[in-house]
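# Tertiary structure, described
Each chain is listed here by its residues.
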Amino acid sequence: MVNCAVTRASGSLVSSRASTAPARQQYCGVTRPAAWNPAPAREAGAAASRQLRMSVAAQAAGNGASTKPQRATAEGKKAILDKVDCFIFDCDGVIWRGDSVIDGVPETLDMLRGMGKQLVFVTNNSTKSRAGYLNKFTSLGLNVAAEEIYSSSYAAAAYLESIQFPKDKKVYVVGEVGIQEELDLKGISHLGGPADADKRVELTPGMLLEHDHDVGAVVVGFDRNINYYKIQMATLCIRENPGCMFIATNTDAVTHLTDAQEWAGNGSMVGAIRGSTKREPTVVGKPAEFMLANIADKFGLRREQICMVGDRLDTDILFGKNGGLTTMLCLSGVTTEEQLLSPENSIHPDCYMDSLAALLEVKKEPVAV
Ligand SMILES: O=C(CO)[C@H](O)[C@H](O)COP(=O)(O)O
């Protein structure tokens, strides 16, 4: 049985091999590129974040420093717009809910672009590739460029590339077409995914499911057609293939698949494989650091120039806080004001608003940018 020690780094889970079997050490020991090592940046980022949080919260409140999350005031919003050059937006719950654009979002994005802000759209939903999301943005009438989109499907492929996933190994996908499309773009062989959607297991006496011994990683993303065959296949690969990695695009508990209610998220799919393997996954989506390092590098931004806008405390806001970013919570998604302000919640954004459209208020008065 595979034996990986797990260490938590910057909100992400990174597996480090503690196996006694030398053959298993070939590629399960995750070697992170220097730029990706979050430790020094995290310490500096945390200090900057603390300082920034105090100043922005004080501005947002219009009074002295406060530890309680503050509803953003006009003054607070202006202070953030003055300070920040790049906004990273979560998608589901901030830009759209299901397939409906949230009121006022197009106008707010136009306003921010007009101010010269860099906009980046980050989603933990792995069902689509970046190209798939570009189509979604376009079909919703939102003018977004391909290079402004980061999906957790892309993060999974980029992560495997970053650790030099061996060319002769394959990925077993529990997930949808988004992960497959991104793996294809990186030239990484894969199996599973939609092709296994209709597979059924007949548990007749002596039944044994054969699995592919060349699978070196199992990637688990949101999968509306998850079934027992896929769970068993992922389990066999992780438990029986030496060094096989377990990668999760995200572990979100719930998601807004429809406007009407919250639906079980990828956390439920990851949980099934975690349960059968007793292994912790390497998480590549929010709140892991991987995408943030990539975005900051790509646009040449310092973290204090970036504001993370999200609707979820344990992914979006934690992602921003771990990374030393300014953080803004929108109540247009999964988090209610009551949950945010509850004494049980310890993840506090710098400020919060009903929705992104609340930023339009700054249009009423000229803002120096
Ligand atoms: O994949 C998911 C389902 O588990 C996510 O919960 C969800 O869709 C997250 O999207 P976003 O990061 O845009 O809020």
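Residues numbered from 1 in each chain as written. Predicted model: local features only at pLDDT ≥ 70, side-chain atom pairs only at ≥ 80, totals over all residues. Heavy atoms only, no water.

As annotated in an unreviewed UniProt entry, the protein carries the name phosphoglycolate phosphatase and is attributed to Chlorella variabilis. We quote the UniProt Subcellular location (unreviewed entry) comment for the protein here in full: "Plastid, Chloroplast". The heading Catalytic activity (unreviewed entry) in the UniProt record of the protein holds the text "2-phosphoglycolate + H2O = glycolate + phosphate". (UniProt positions renumbered as here; feature names shortened; annotations may be inferred.)

### Side note on the pattern of salt bridges
Overall, the coordinates contain 17 salt bridges when judged by the stated rule. Here lysine 136 and aspartate 99 are joined by a salt bridge, their closest N and O atoms 3.3 Å apart. Linking lysine 136 in helix H4 (residues 130-139) with aspartate 99 in the loop between strand S4 (96-97) and strand S5 (100-101), this pair joins segments that are 37 residues apart in sequence. On the accessibility criterion, lysine 136 (12% relative accessible area) is buried. With relative accessibility at 60%, the residue aspartate 99 sits in the exposed group. A salt bridge links glutamate 176 to arginine 224; its shortest N-O distance comes to 2.7 Å. Placement of the pair is glutamate 176 in the loop between strand S8 (170-174) and helix H6 (177-185) and arginine 224 in the loop between strand S10 (215-220) and helix H7 (228-240), with a sequence separation of 48 residues. A relative accessible area of 12% places glutamate 176 in the buried class. For arginine 224, a relative accessible area of 55% translates into the label exposed. What you see here is one network of salt bridges that share partners, running through Arg71, Glu337 and Asp354. (Salt bridge = Lys/Arg side-chain N within 4 Å of Asp/Glu carboxyl O. Helix = DSSP H or I, 4+ residues; strand = E, 2+ residues; numbered from the N terminus. Buried < 20%, exposed > 50% of the residue type's maximum accessible area, 1.4 Å probe, protein only.)

### Quick notes on the site of the ligand
Around the ligand, the structure places 15 residues, and the nearest of them are Asp90, Asp92, Thr123, Asn124 and Asn266. Measuring from an oxygen atom of the ligand, one finds a side-chain N or O atom of threonine 123 at 2.7 Å. Within the contact set of the ligand, an oxygen atom lies 3.0 Å away from a side-chain nitrogen or oxygen of threonine 255. For the ligand, whose accessible area on its own is 370 Å², the fraction buried by protein is 99%. In terms of residue class, the shell around the ligand is built from three nonpolar, seven polar and five charged. Here the shell around the ligand gathers at least three residues from each of two domains, domain 1 (55-61 + 70-124 + 287-361) and domain 2 (154-283). (Near = heavy atom within 4 Å. Polar contact = N/O pair within 3.5 Å; in protein donor to acceptor, adjacent residues only side chain to side chain. Areas by Shrake-Rupley, 256 points an atom, 1.4 Å probe, with all protein chains shown as cover. Nonpolar A, V, L, I, M, F, W, Y, C, P; charged D, E, K, R; others polar. Domains from an automatic or database assignment.)

### Some points on the sheet that holds strand S15 (residues 306-310)
Paired through backbone hydrogen bonds, the strands of a sheet run either parallel or antiparallel to each other. The six strands are arranged S7-S6-S3-S15-S16-S17 in an open sheet whose pairing can be described as parallel. Of all the strands in the sheet, just strand S7 (149-151) and strand S17 (351-353) have a single pairing partner and so form its edges. Across the sheet, the mean angle from the axis of one strand to that of its neighbour is 20°, orientation sign disregarded. Bridge analysis of strand S3 (residues 86-90) against strand S6 (residues 118-123) gives five bridges, and the strand direction is parallel. Residue aspartate 90 lies in a different strand from S6, and its bridge partner there is valine 122. (Pairing = 2+ DSSP bridges. Axes fitted to C-alpha atoms, helices over the stretch in contact; angles between N-to-C directions.)

### Notes on the side chain of serine 126
Mapping serine 126 onto the fold places it in the loop between S6 and H4. On the basis of relative accessibility, which here comes to 0%, the residue serine 126 falls in the buried class.

### Some details on the packing of helix H5 (residues 152-162) against helix H9 (residues 290-299)
Orientation of H5 relative to H9, taken along the N-to-C sense of each, is 85°, at an axis distance of 10 Å. By the angle between their directions, the pair H5 and H9 is classed as roughly perpendicular. Seen from H5, the contacting residues are Tyr154, Ala155, Ala158, Tyr159 and Ser162; seen from H9, they are Phe290, Met291 and Asn294. Residue composition of the contact of H5 with H9, grouped by class: six nonpolar, two polar and no charged. (Parallel < 35°, antiparallel > 145°, perpendicular 65-115°, else oblique. Contact = heavy atoms within 4.5 Å.)

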